[in-house]
Amino acid sequence: MRIGRPQQVASLLEDIFQWRHPADQCVSYYFRQHRHLGGRDRAEIAQAVFDVLRHLRRYRRDAQSGPGPLNLCLAWRGLSATLPDASQTLGADAPMQEWVKRCEQIDEQSLPFEVRFSLPDWLAQRIQAMPEPDSLARSFLRSAAIDLRVNTVKADRDSALTQVREMLTQSSRHGFDAKATPYSDVGIRLKGHPPIQRWALFEQGVLEVQDEGSQLLAKLVDPKRQEMVIDFCAGAGGKTLALGAMMRSTGRLYAFDVSAPRLARAKPRFARSGLSNIHPVVIRPEGDDRVRRLAGKAHRVLIDAPCTGLGTLRRNPDLKWRQSADELDRLQIEQALILEQASICVRPGGRLVYATCSVLAEENEAQVVRFLESHPEFTLIDARALLAAELTEGGHSAVDDQGMVRFRPDWHGTDGFFAAVMQRQGSLA
């Protein structure tokens, strides 16, 4: 039933606007509390909620002239943007229908940058200082496709892609499709949002959800068989799994993280993968004895550093409202400490890869420049020599003149990622 849809969306928004938990967690909790909702109901509610979060600043501005409570006006804006003729089919009264129509007719070019693209002031200022700021900001207002990585220990991409397409063809819902990702040779990009977690290929560890940009970061690490590799901030384990598959389940792959619950949640993924070379280890934020014991021993160290996550705004639009300039300052201190600690583990001739899912220079280039200035034993490697694909879209190379990597959703179709590859002086032999 569609009765009460605007009230359902407004109720969920009220919970999210407490900013105590990520929006996707709030949505999941709401659906667990309302198990009577069918798949179509859930999809309509979630789509409207995330549309509101993407356009929140603009919608709130519009709602100042709205004919009802703030959250209800926001709900109608989200539903009208994601459902055809929502204000009529869902029974909006005449004043609400007229208000929605007026809002949709506003010329966006007449709005200030930060309102047009619904950004907090501190973030709008930083994006405006980047190349083609309108293009980047607009890309964050769109939803992202689902990317999958094929576990090459269990299957090759061609066979997995064939099976995925067969499953999508058999689906009761139309509009689903799958294709190979343009840059990663182990990636599959989905059109639509099918129930991936119920697929046998997912349960068997053949497929993992991972953005194409993240898949390419693993290529920069380029681990070899029998090497010792450290994923220093393993988190949910996505890049750990990609590295383990590239190592063909040989050598020793440490999954470090300061959060025991995060590593615990990653263990089922590790088990599904069939990889036997992964060793999860909970470490202390500073001065961990296990890290010191591995000083100068690792062939490759990946730091997927804690960051604002602003490169993932297509998937997590609430981040721009939950982050702040103060939090950015705090994260920069943490990132520098992690770089210092992780670099100790790299053996002579070994590789250190620093990466974030952020588009902000403070978290990216600035961190690398400071680290290299104080660590002359490390040198920057040009990433062009490491990526098989040219990674150029519309004349926008993903690798800058210094050899650092930047993926952008508007230029490359990936989440926003940054990576720099460094090598310690000496020989691996």
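In what follows, the structure referred to is the one given above.
No experiment lies behind these values; they were computed from the predicted model shown. (Residues numbered from 1 in each chain as written. Predicted model: local features only at pLDDT ≥ 70, side-chain atom pairs only at ≥ 80, totals over all residues. Heavy atoms only, no water.)

Q: In this structure, what is going on with the pattern of salt bridges? I would like to understand it.
A: Opposite charge on two side chains permits them to pair, given that their charged atoms come into close proximity. Under the counting rule described, the total for this entry stands at 30 salt bridges. Residues Asp289 and Arg292 are paired through a salt bridge, measuring 2.3 Å at the closest nitrogen-oxygen approach. In this pair, Asp289 and Arg292 are both assigned in helix α16 (residues 289–293), three residues apart and thus about one turn of the helix distant. Among the residues examined, Asp289 registers a relative accessible area of 37% and is labelled partly exposed. In this structure, Asp415 and Arg314 form a salt bridge, with 2.9 Å as the shortest nitrogen-oxygen distance. (Salt bridge = Lys/Arg side-chain N within 4 Å of Asp/Glu carboxyl O. Helix = DSSP H or I, 4+ residues; strand = E, 2+ residues; numbered from the N terminus. Buried < 20%, exposed > 50% of the residue type's maximum accessible area, 1.4 Å probe, protein only.)

Q: Help me out: how do you make sense of the layout of surface pockets in this one?
A: Gaps left between atoms show up when a probe the size of a water molecule is rolled over them. Size it by volume and the second largest pocket reaches roughly 380 Å³. Around the second largest pocket sit 23 residues that line it, and Pro131, Val359, Glu365, Arg406 and Arg408 are the ones nearest its centre. Put simply, the parts of the chain that give the lining of the second largest pocket at least two residues each are β13 (405–407), α20 (409–412) and β14 (417–424). By residue class, the composition of the lining of the second largest pocket is 13 nonpolar, four polar and six charged. (1 Å grid on protein atoms, 1.4 Å probe; cavity = no way out; pocket = protein on both sides within 12 Å on 5 of 7 lines; lining within 4 Å. Points joined across faces, edges and corners; volume = space filled by probe spheres on them. Nonpolar A, V, L, I, M, F, W, Y, C, P; charged D, E, K, R; others polar.)

Q: Can you help me understand the state of the cysteines in this one?
A: Each disulfide is one covalent bond, formed between the sulfur atoms of two cysteines. Enumeration over the complete set of coordinates arrives at zero disulfides. Not part of a disulfide, Cys73 finds its nearest cysteine sulfur in Cys103, a span of 8.2 Å. Exposure remark for Cys73: the relative accessible area of 0% places this residue in the buried category. For Cys233, which is in no disulfide, the shortest distance to another cysteine sulfur is to Cys307 and amounts to 10 Å. Classification of Cys233 as buried rests on a relative accessible area of 14%. (Disulfide = S-S within 2.5 Å.)

Q: I tried to follow the nonpolar core on my own but got confused; where do I start?
A: The tendency in soluble globular proteins is for nonpolar side chains to be buried as a group. Of all hydrophobic cores here, the largest spans 35 residues; its most connected members are Val9, Leu12, Ile16, Phe17, Val27, Ile45 and Val49. Sorting elements by how many residues they give to this core places helix α3 (residues 39–54) first, with seven residues. Sequence-distant contacts of Ile16, that is, excluding residues within four places in its chain, are made with Ala23, Cys26, Val27, Val49 and Leu53. By size, the runner-up hydrophobic cluster in this structure holds 34 residues, among which are Phe270, Ile278, Ile381 and Val405. (Core = buried A, V, L, I, M, F, W, Y, C linked by side-chain atoms within 4.5 Å. Contact = heavy atoms within 4.5 Å.)

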